[in-house]
Amino acid sequence: TMTARAVAAAGAATELTEALFGGLELGWAPFSLRALVAWRLPSEVDLDPGRITSRWVGGVLAGCGGLGQRWRATGCVQGWGGSLHAAAGGFTSSTEYDRLWTALGASAGLETGRRVTLGAEATGLVPLNRDRFHVVNVGSWDAGRPSAWLVARAGVAFR
């Protein structure tokens, strides 16, 4: 039988940034496919005398598998894609850029529940493109470093 689940999630990364996720998961035990929209909350990098502010909006597509009944170990292969927005402020001139940002990753986690599910997972991401935002004679911010995420999620299933 196929199960559809509405999913909401929040996570934090090693880059000290947070994100919110929401979307749909379709499951055919023990496999599932997740399609989520994602919004990485704005974050700032201080480069005295100014700063670079960035945010990311995009989506995550994940193919997952699980083992177990009451408590399930899960593993997923993920693709992330979206728009990275970076803005420089507080300098002689302020500029803004939008760039395509993509990454591939894998995750491992634990979840429980049937109709209402709760879970947590650790995700490692490797960006496919590297963008470096550089302010002349001040410094730079590299938006293409590998990162790790810890994500908590909840879902409600519809059969």
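Please refer to the structure higher up on the page.
Cut-offs used in this document
- Residues numbered from 1 in each chain as written.
- Predicted model: local features only at pLDDT ≥ 70, side-chain atom pairs only at ≥ 80, totals over all residues.
- Heavy atoms only, no water.
- Helix = DSSP H or I, 4+ residues; strand = E, 2+ residues; numbered from the N terminus.
- Buried < 20%, exposed > 50% of the residue type's maximum accessible area, 1.4 Å probe, protein only.
- Contact = heavy atoms within 4.5 Å.
- Disulfide = S-S within 2.5 Å.
- Salt bridge = Lys/Arg side-chain N within 4 Å of Asp/Glu carboxyl O.
- Core = buried A, V, L, I, M, F, W, Y, C linked by side-chain atoms within 4.5 Å.
- Pairing = 2+ DSSP bridges.
- Axes fitted to C-alpha atoms, helices over the stretch in contact; angles between N-to-C directions.

(A) Molecular detail of the overall build of the chain. Looking only at helices and strands, one finds 0 helices and 10 strands in the chain. Starting at the N terminus, the α and β elements of the chain follow one another as β-β-β-β-β-β-β-β-β-β. Its C-alpha atoms give the chain principal-axis dimensions of roughly 60 × 20 × 20 Å. Residue burial in the chain is summarised as follows: out of 159 residues, 42% are buried. Taking all contacts inside the chain whose residues are at least 6 apart in sequence as the whole, residues at least 24 apart take part in 54%.

(B) Fine view of the state of the cysteines. In this structure the tally under the stated criterion is 1 disulfide. Between the sulfur atoms of cysteine 64 and its disulfide mate cysteine 76 the distance is 2.1 Å. The chirality of the disulfide connecting cysteine 64 with cysteine 76 is right-handed, given an S-S dihedral of about 105 degrees. Note that cysteine 64 is positioned in strand β4 (residues 50–67) and cysteine 76 in strand β5 (residues 71–89), a separation of 12 residues in sequence. The two residues cysteine 64 and cysteine 76 agree in class, both being buried.

(C) Quick peek at the pattern of salt bridges. Taken as a whole and judged by the stated rule, the model has 7 salt bridges. A salt bridge links arginine 5 to glutamate 25; its shortest N-O distance comes to 3.7 Å. Here arginine 5 is found in strand β1 (residues 2–13), whereas its partner glutamate 25 is found in strand β2 (residues 18–28), with 20 residues between them in sequence. Each member of the pair, arginine 5 as well as glutamate 25, is classed as buried. Notably, a salt bridge pairs arginine 153 with glutamate 111, separated by 2.8 Å at the nearest N-O pair. With a gap of 42 residues between them, arginine 153 in strand β10 (residues 147–158) and glutamate 111 in strand β6 (residues 96–112) connect regions that are remote in the sequence.

(D) Here's a closer look at the nonpolar core. Core analysis: the largest hydrophobic core is formed by 25 residues, its most contacted members being Phe21 and Trp80. Within the residue set of this core, elements represented by two or more residues are β1, β2, β3 (31–47), β4, β5, β6, β8 (132–135) and β10.

(E) Representation of the sheet that holds strand β7 (residues 116–127). In spatial order, the strands read β1-β2-β3-β4-β5-β6-β7-β10; together these 8 strands close into a barrel with antiparallel pairing. Going across the sheet, the axis of each strand differs from the next one's by a mean of 25 degrees, ignoring polarity. Here 10 bridges tie β6 to β7, and the two strands are oriented antiparallel to one another. Along β7, the bridge assignment pairs glutamate 111 with glycine 119.

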